Amino acid sequence: MEKAIVKTDFHFEGQQSLYVGKVRDVYDIDGRYLVMVVTDRISAFDVVLPRGIPYKGQVLNQIAAKFLDATADICPNWKIATPDPMATVGDKCETFPVEMIVRAFLTGSSWREYQNGAREICGVRIPDGMREHERFPQPILTPTTKADQGFHDENITREEIISSGLVSKEDYEKLEEYSLALFERGQQMAAERGLILVDTKYEFGKKDGVITLIDEIHTPDSSRYFYAEGYEERFARGEQQRQLSKEFVREWLMENGFKGDPGQQVPEMTDEIVKSISDRYVELYEKITGEAFVKSPSADILDRIEANCKNMIARLR
């Protein structure tokens, strides 16, 4: 098996802190910049799985960089540079404590809630009689709270966000505007690749008082894609859609009796399973970007990341 990077422990000039998320290790430099290393860790149902997936970090980092660049005319974003295939350096922002989830179809977790009788998600009414993978008349926003590590994100309504003071009304309206515009651009870019952008999440912060897009964007970890060809036919027949997303990992876990519930054990991740997931991530990259995926050298990966990021930090400071 090729090597997977599941942990980093760098010490950069000016480093003030290290935040370890489910997938990303984020280094605070001088309180001004962030070095975000996208590891090969993989999570599902808010649980980090026991084995990393080779090249997954590179796939996610490079897709996010591509889409940040392609949407910079819509909304300012945090990215300054991608000095390494697995790392992005950008501006540190004051993060909003909500995630903006945009959905164009009734699928995934929203469909599971709908099956259980829910007809309202995050204050948005969902009509009776809808079917799995059915398109909404227009995309809907279903925000969640941004949970601390180890806790689940929780659905929340627009009204609750504003009334509780999590986000001011003026700022929240701007988050809605940006989220829907970014999603529309993502749908356009997906359509050019024969794909449908089904749903995604966005995170925002503020830099010098300006609302700024942060973190990843339109990656298969934060988004779900359908193949456009055959969508209507499969929907008419009540068949599952061909997907480009992390949903296949969730489905494998559920088939093996794991949904992230307390006391459940993650099924064994064999070399074969790990390789198949890695291959799927490479496939996702090539389909989403339309570019051949070039695997970065697998020798001395940590040394390479550290050196590349140190050089970038030296130029910024």
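Scroll up to find the structure.
Residues numbered from 1 in each chain as written. Predicted model: local features only at pLDDT ≥ 70, side-chain atom pairs only at ≥ 80, totals over all residues. Heavy atoms only, no water.

Peer 1: What's the story with the environment of Y172 in this structure? I'm lost.
Peer 2: Within the secondary structure, Y172 is located in helix α4 (residues 169–192). With 129 residues separating them along the chain, Y172 and I301 place their C-alpha atoms 40 Å apart. In this structure Y172 touches M100, P143, R158, I161, I162 and V167, once residues within four positions along its chain are discounted. (Helix = DSSP H or I, 4+ residues; strand = E, 2+ residues; numbered from the N terminus. Contact = heavy atoms within 4.5 Å.)

Peer 1: Quick question: what am I supposed to make of the packing of helix α1 (residues 56–70) against helix α7 (residues 271–289) here?
Peer 2: Packed helices, taken two at a time, are described by the angle between their axes plus the distance between the axes. As a packed pair, α1 and α7 sit with axes 9 Å apart at the nearest point and diverge in direction by 15°. As the angle between them shows, α1 and α7 are arranged roughly parallel. Note on packing geometry: the crossing formed by α1 with α7 is left-handed. Note on element contacts: α7 touches α1 through Y281, V282, Y285, I288 and T289, opposite K56, V59, L60, Q62, I63, K66 and F67. Residue composition of the contact of α1 with α7, grouped by class: eight nonpolar, two polar and two charged. (Axes fitted to C-alpha atoms, helices over the stretch in contact; angles between N-to-C directions. Parallel < 35°, antiparallel > 145°, perpendicular 65-115°, else oblique. Left-handed = near helix turned anticlockwise from the far one by under 90°. Nonpolar A, V, L, I, M, F, W, Y, C, P; charged D, E, K, R; others polar.)

Peer 1: Any chance you could explain the nonpolar core here in plain terms?
Peer 2: Generally speaking, a soluble globular protein has its nonpolar side chains buried in company with each other. Of all hydrophobic cores here, the largest spans 68 residues; its most connected members are L175, Y202, F204 and I277. For this core, the element with the most residues is α7, which contributes eight residues. With residues near it in sequence (within four places) discarded, Y202 still touches E99, M100, V102, S179, L182, F183, L213, I217 and H218. With 17 residues, the next largest nonpolar core counts F10, V89, C309 and M312 among its residues. (Core = buried A, V, L, I, M, F, W, Y, C linked by side-chain atoms within 4.5 Å. Buried < 20%, exposed > 50% of the residue type's maximum accessible area, 1.4 Å probe, protein only.)

Peer 1: Hey, could you run me through the pairing of strand β14 (residues 195–207) in this one?
Peer 2: Looking along a regular strand, one sees the side chains alternate between the two faces of the sheet. With 11 of 13 residues buried, β14 is to be regarded as a mostly interior element. Summarising the sheet, strand β8 (residues 94–95) and β14 pair through two bridges and their orientation is antiparallel. What sits directly across from E94, in β14, is K206. As paired strands, β14 and strand β16 (residues 223–227) are joined by five bridges and run antiparallel to one another. What sits directly across from L197, in β16, is Y225. Examined bridge by bridge, β14 and strand β15 (residues 210–214) share five bridges and lie antiparallel to one another. The partner of F204 across the bridge, within β15, is L213. The turn linking β14 back onto β15 is made up of two residues, and D208 within it adopts a positive phi angle of 50°. (Pairing = 2+ DSSP bridges.)

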